[in-house]
Amino acid sequence: MERVILFILLMIMTVVIVLQVFMRYVVESSLTWSEELARFCFVWLIYIGISYGVKRAKHIRVEALLTVFKRRGKYIVNMIANILFLFFALFAVYYGFSIYQAIKGTGQVAPSIGISMSIMYLGMPIGMLLTSIRLIQRMYIETQMYRASEEIIDNDIPRL
């Protein structure tokens, strides 16, 4: 699901930016709405991308630490890292929705595209909620793999 959303957002953002460059330097007339739309897409792209990074185990971490441990130690370190990341993600969901509600309450609208600014701020809590779901899935599957004595490989787990 994240991959399709990311592709669509990236394509919209790319087309809008290329169109803006064309209009500005060839036609010599800027579009008023392009930068805001690109910004909205970029914000959503970042937060949905975090969820996709968790799914594919592409988030930043220190691999050198894991080389010191055997299978059980790697599992424990991975679980601790995932739990800490989950707490952060849930914290971001809670406060992200608080920020969304505050912005929505002001009725602030993006001037050139006429969309509520709360839509842009909704990207963080939704992206982090998806990240939380992916983290829970990853912890569940890694626990199943550990109990079945399977080696946990940090890339795209097919069952995730």
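Predicted model, so just to flag it, every value in this text is computed and none were measured.

Peer 1: Give a description of the packing of aromatic side chains that names residues and reports values.
Peer 2: The full count for this structure, using the stated rule, is 3 aromatic pairs. Both rings, one in F91 and one in Y95, keep their centres 4.6 Å apart while their planes meet at 55°; by these two values the pair is tilted. Taken together, the positions of F91 and Y95, both in helix α4 (residues 71-106) and 4 residues apart, correspond to about one turn of that helix. Given the relative accessible area of 49%, F91 is considered partly exposed. With a centroid separation of 4.9 Å and 85° between ring planes, the pair formed by Y94 and Y95 is classed as edge-to-face.

Peer 1: Summarise the packing of α4 against helix α6 (residues 123-147); cite the residues concerned and give the values.
Peer 2: Look at α4 against α6: their axes get within 8 Å of each other, and the N-to-C directions meet at 160°. Relative to α6, the element α4 lies roughly antiparallel. Of the two possible hands of crossing, α4 and α6 adopt the one that is left-handed.

Peer 1: Explain the side chain of T131 residue by residue, including any values.
Peer 2: Along the chain, T131 turns up in helix α6. Here T131 is in contact with Y47, I50, S51, V54, F85 and A89, once residues within four sequence places are set aside.

Peer 1: So what's going on with a nonpolar patch on the surface? Residues and values would help.
Peer 2: A surface patch of nonpolar side chains, amounting to about 740 Å² of accessible area, comprises I17, L19, V21, F22, Y25, V26, V27 and W33. Within the secondary structure layout, V27 lies in helix α1 (residues 2-27). Residue classification places V27 among the partly exposed positions, given a relative accessible area of 42%.

Calculation notes
Residues numbered from 1 in each chain as written. Predicted model: local features only at pLDDT ≥ 70, side-chain atom pairs only at ≥ 80, totals over all residues. Heavy atoms only, no water. Phe/Tyr/Trp six-rings, centres within 6.5 Å; stacked < 30°, edge-to-face > 60°. Helix = DSSP H or I, 4+ residues; strand = E, 2+ residues; numbered from the N terminus. Buried < 20%, exposed > 50% of the residue type's maximum accessible area, 1.4 Å probe, protein only. Axes fitted to C-alpha atoms, helices over the stretch in contact; angles between N-to-C directions. Parallel < 35°, antiparallel > 145°, perpendicular 65-115°, else oblique. Left-handed = near helix turned anticlockwise from the far one by under 90°. Contact = heavy atoms within 4.5 Å. Patch = residues over 30% accessible without salt bridge, like charges linked within 9 Å, V, L, I, M, F, W, Y side chains within 5 Å. Areas by Shrake-Rupley, 256 points an atom, 1.4 Å probe, with all protein chains shown as cover. Salt bridge = Lys/Arg side-chain N within 4 Å of Asp/Glu carboxyl O.

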